Amino acid sequence: MEKVTIRVPASTSNLGPGFDCLGVALRIYNSITVRRMKDHRHQEKIVAEAANLFFKRTKLRPFAFSCSGKEKIPRSRGLGSSATVRLGIFHGLNELTGRALDRLSIFQLCAELEGHPDNAAPASFGGFTVARGENFQRFDVASRLKFVLLIPDLEIQTSAAREILPAKISRMAGVESARNACAITAAFAARDYEKLRGVFIDQFHQPFRKKLIPFLPHVIAAAEKAGALGVFLSGSGSTICAVTLRNPQRIASAMKRAARASSAKSATAARSTFSQIAITAADNRGVQIRH
């Protein structure tokens, strides 16, 4: 085999209080094509790191390859774009070398490079996932549950979004967040999505990251008023995700109006043009390999 294309879904992670462990794969995709080459080429850092780790762990002889992609997932917006690239490289090289690794091992390699498993798990396996280190559980998500994404033209690096977090929070804040994360998991596992209402409140990261995304509280309030079950910062942002069983267009319009209204009050928001609204559902398949 000389060439393979890997399709990997976007993912929304944390879901508010499920910091670094909860995630859902979404029907927005990057496609990564990996092709054997005769001569080595310069690769982006993210590609080279994944390739080096793959050959190190498999103990296979490295070979020259090229990597190209069709990207529909915006970068640095909290939608797991880096995980899609890493998974694309891992699975691409794995196919070209006769499948030295299984899917679980590739997920674990991706989580290692990411530093957290909450995007790697849903992107690998699809659905709603609960990830704990190298282990995970997954549940299919019904197509009737819609995800409304406000995707600002504002890049946020994960490293910067982590640096802003405090070393400690109060015990009660931790208890509230843990309780809500459990409720989210139970609702997805039971497919009782009405039980998601009011459980995305978080004390682990969102109160601190609104310094980077000052329009976040206004958008959350507007979406909930328009009927969303709940709203949260997707990953480390800047995307804001609303979850709903009905009226996604009305919720999308409310989110966009709130973001625009807040721009007059904030220099950061004023620099952001809210370039995309996406309404999608969960992807239950995860990584797909196309020869």
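All of the points below concern the structure found in this document. Since we're looking at a predicted model, the values are computed, not measured. (Residues numbered from 1 in each chain as written. Predicted model: local features only at pLDDT ≥ 70, side-chain atom pairs only at ≥ 80, totals over all residues. Heavy atoms only, no water.)

1. As for the overall build of the protein chain
- Per the secondary structure count, the protein chain includes 10 helices and 10 strands.
- Computed over the C-alpha atoms, the radius of gyration of the protein chain is 19 Å, within 12% of the 19 Å expected from 2.2 N^0.38 for a compact globule of 291 residues.
- Each principal axis of the C-alpha distribution contributes one length, and for the protein chain these read about 55 × 40 × 40 Å.
- Within the protein chain, buried positions represent 54% of all 291 residues.
- For the protein chain, restricting intrachain contacts to residue pairs at least 6 apart in sequence, the fraction spanning at least 24 positions comes to 77%.
- By element, 49% of the accessible surface of the protein chain is carried by carbon and sulfur atoms, the whole surface being about 13,200 Å².
- When the 43 positive and 22 negative side-chain charges of the protein chain are each reduced to one mean point, those points stand 4 Å apart. (Helix = DSSP H or I, 4+ residues; strand = E, 2+ residues; numbered from the N terminus. Rg over C-alpha atoms; globule rule 2.2 N^0.38 Å. Buried < 20%, exposed > 50% of the residue type's maximum accessible area, 1.4 Å probe, protein only. Contact = heavy atoms within 4.5 Å. Areas by Shrake-Rupley, 256 points an atom, 1.4 Å probe, with all protein chains shown as cover. Lys, Arg positive; Asp, Glu negative; His and termini not counted. Charge placed at Lys NZ, Arg CZ, Asp CG, Glu CD.)

2. Re the pattern of salt bridges
- Counted under the stated rule, the structure contains 12 salt bridges.
- Note that Arg162 is salt-bridged to Asp20, the shortest N-O span being 2.7 Å. Remark: Asp20 occurs in the loop between β1 (3-13) and β2 (22-36) and Arg162 occurs in helix α5 (residues 158-163); sequence separation between them is 142 residues.
- Residue Arg162 is classed as partly exposed on the basis of its relative accessible area, which comes to 30%.
- Of the charged contacts in the structure, one is a salt bridge between Arg197 and Glu194, with a shortest N-O distance of 3.7 Å.
- With relative accessibility at 43%, the residue Arg197 sits in the partly exposed group.
- For Glu194, a relative accessible area of 36% translates into the label partly exposed.
- Counted as one network, the salt bridges with shared partners bring together Glu44, Glu71 and Arg75. (Salt bridge = Lys/Arg side-chain N within 4 Å of Asp/Glu carboxyl O.)

3. A word on the sheet that holds strand β6 (residues 146-151)
- Pairing is antiparallel in the open sheet, where four strands are placed in the order β7-β8-β6-β9. Each of the sheet's edge strands pairs with one partner strand only, and the pair in question is β7 (230-233) and β9 (276-280). With strand direction ignored, the average angle separating the axes of adjacent strands in the sheet is 20°.
- Sheet analysis places β7 next to strand β8 (residues 240-244), joined by four bridges and oriented antiparallel. Its bridge partner being in β8, Phe232 is matched across the sheet by Cys241. (Pairing = 2+ DSSP bridges. Axes fitted to C-alpha atoms, helices over the stretch in contact; angles between N-to-C directions.)

4. Considerations on the nonpolar core
- By size, the foremost hydrophobic cluster in this structure holds 33 residues, and its most contacted members are Val34, Phe65, Leu87, Ile89, Phe90 and Leu93.
- Of all the secondary structure elements, the ones that give two or more residues to this core are β1, β2, α1 (45-58), α2 (81-96), α3 (103-114) and α4 (120-125).
- The contact partners of Leu93, leaving out residues within four places of it in the chain, are Val34, Ala51, Phe54, Phe55, Phe63 and Phe65.
- Counting 30 residues, the second largest nonpolar core, distinct from the first, contains Leu26, Ala142, Phe188 and Phe232. (Core = buried A, V, L, I, M, F, W, Y, C linked by side-chain atoms within 4.5 Å.)

5. Some words on unusual backbone geometry
- Gly237 connects to Ser238 through a cis peptide bond whose omega is 15°.
- The residue Ser238 is located in the loop between β7 and β8 in this model.
- Within the chain, Asp20 stands out as a residue other than glycine whose phi angle is a positive 65°.
- In the Ramachandran plot, Lys59 falls in the positive-phi region, its phi being about 60° despite a non-glycine side chain.
- Mapped onto the elements of the fold, Lys59 is located in the loop between α1 and β3 (65-71).

6. Section: α1
- The end-to-end C-alpha distance of α1, which contains 14 residues, comes to 20 Å, matching closely the 20 Å that a straight helix rising 1.5 Å per residue would cover.
- If you check which residues of α1 are buried, you get Ile46, Val47, Ala50, Ala51, Leu53, Phe54, Phe55 and Thr58.
- In the core, the buried residues of α1 are packed alongside β3, α2 and α3.
- Looking one or two residues past α1, Lys59 carries a phi angle of roughly 60°, positive in sign. (Expected span 1.5 Å × (residues − 1).)

7. What about α2?
- The terminal C-alpha atoms of α2, which comprises 16 residues, lie 23 Å apart, in line with the 22 Å expected from a rise of 1.5 Å per residue.
- Within α2, 15 of the 16 residues are buried, which leaves the element mostly enclosed by the surrounding structure.

8. Let's talk about the packing of α1 against α3
- At a minimum axis distance of 11 Å, the contact between α1 and α3 shows a crossing angle of 130°. As judged from the angle between their axes, α1 and α3 are oblique. Between α1 and α3 the crossing geometry is right-handed. Facing α1, whose interface residues are Glu49, Ala50, Leu53 and Arg57, α3 presents Leu109, Glu112 and Leu113.
- Looking at the contact of α1 with α3 residue by residue, the classes come out as four nonpolar, no polar and three charged. (Parallel < 35°, antiparallel > 145°, perpendicular 65-115°, else oblique. Left-handed = near helix turned anticlockwise from the far one by under 90°. Nonpolar A, V, L, I, M, F, W, Y, C, P; charged D, E, K, R; others polar.)

As far as function goes, none of this settles anything; it's purely spatial.
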